[in-house]
Amino acid sequence: MAKNMLRLQITTPEAVKIDEDVDMVIMRCLTGDMGILPNHEPVSAMLDIGILRIFNGELERRMAVFGGIAQVNDNVVTILANDAQWPEDIDFAFVQSERDRIARRSKEDLDDLEIQRDHVLMRRTLVQIEVSSYPILSKIEDNGQEKRLS
């Protein structure tokens, strides 16, 4: 591992999504967003449905993460995620149709369990739509604006 960097390892039941050195990670936890820089104190956290942001120099990548556990120790961020998707992994047309289907169901007479299930599915589709709208890589400009690289 390079000096003053983090090792980021994200694994799902299906695959290793990333295993590389990065400068910084911002992840969505159940208690809110958590930023991790090199030499962060050891911590464990439960992940929520959200966007994981990965920074390397001026480059930023984003990934949709759907729950799991994160552990930070000795400049290694280990994430065991229920599911995680890069923008190119997301079928935008399918996700939009799922969002529309869930929205139509919200007008039906549903029981509490169905409402809760649809709420989680809607959050998932909204995260997928947002992540799929980002380029695979973007550069952070000096003025704080994001520039598409792909």
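Residues numbered from 1 in each chain as written. Predicted model: local features only at pLDDT ≥ 70, side-chain atom pairs only at ≥ 80, totals over all residues. Heavy atoms only, no water.

Caption draft 1: Up close: the environment of Asn75. Along the polypeptide, Asn75 turns up in the loop between β6 (59-73) and β7 (76-81). Since its relative accessible area comes to 18%, Asn75 is described here as buried. With 54 residues separating them along the chain, Asn75 and Asp21 place their C-alpha atoms 9.6 Å apart. (Helix = DSSP H or I, 4+ residues; strand = E, 2+ residues; numbered from the N terminus. Buried < 20%, exposed > 50% of the residue type's maximum accessible area, 1.4 Å probe, protein only.)

Caption draft 2: Main features of the environment of Phe55. Structurally, Phe55 can be placed in strand β5 (residues 43-56). Owing to a relative accessible area of 14%, Phe55 belongs among the buried residues under this scheme. Taking the C-alpha atoms as reference, Phe55 lies 8.5 Å from Ile26; in sequence the two are 29 residues apart. Once residues lying within four places of it in the same chain are set aside, the contact partners of Phe55 are Val22, Asp23, Met24, Ile26 and Glu60. (Contact = heavy atoms within 4.5 Å.)

Caption draft 3: Up close: the side chain of Glu60. Position of Glu60 among the secondary structure elements: in strand β6. On the accessibility criterion, Glu60 (1% relative accessible area) is buried.

Caption draft 4: Looking closely at unusual backbone geometry. For Asn39, which is not glycine, the phi dihedral falls at a positive 65 degrees. Along the polypeptide, Asn39 turns up in the loop between β4 (32-36) and β5. By relative accessible area, which is 57% here, Asn39 ends up exposed. Located in the positive-phi region is Asn75, a residue other than glycine, with phi close to 60 degrees.

Caption draft 5: Representation of helix α1 (residues 92-105) in the model. Between its terminal C-alpha atoms α1 stretches 20 Å, which fits the 20 Å expected from 14 residues at 1.5 Å a residue. Among all positions in α1, only Val95, Ile102 and Arg105 are buried. Around the axis of α1, the buried residues are gathered within 80 degrees of arc, so they sit on the same side. In this structure, α1 carries Ala93 and Arg104 as exposed residues pointing more than 90 degrees from its buried face. In this fold, the buried residues of α1 make contact with α2 (112-132). (Expected span 1.5 Å × (residues − 1). Arc of directions from axis to C-beta.)

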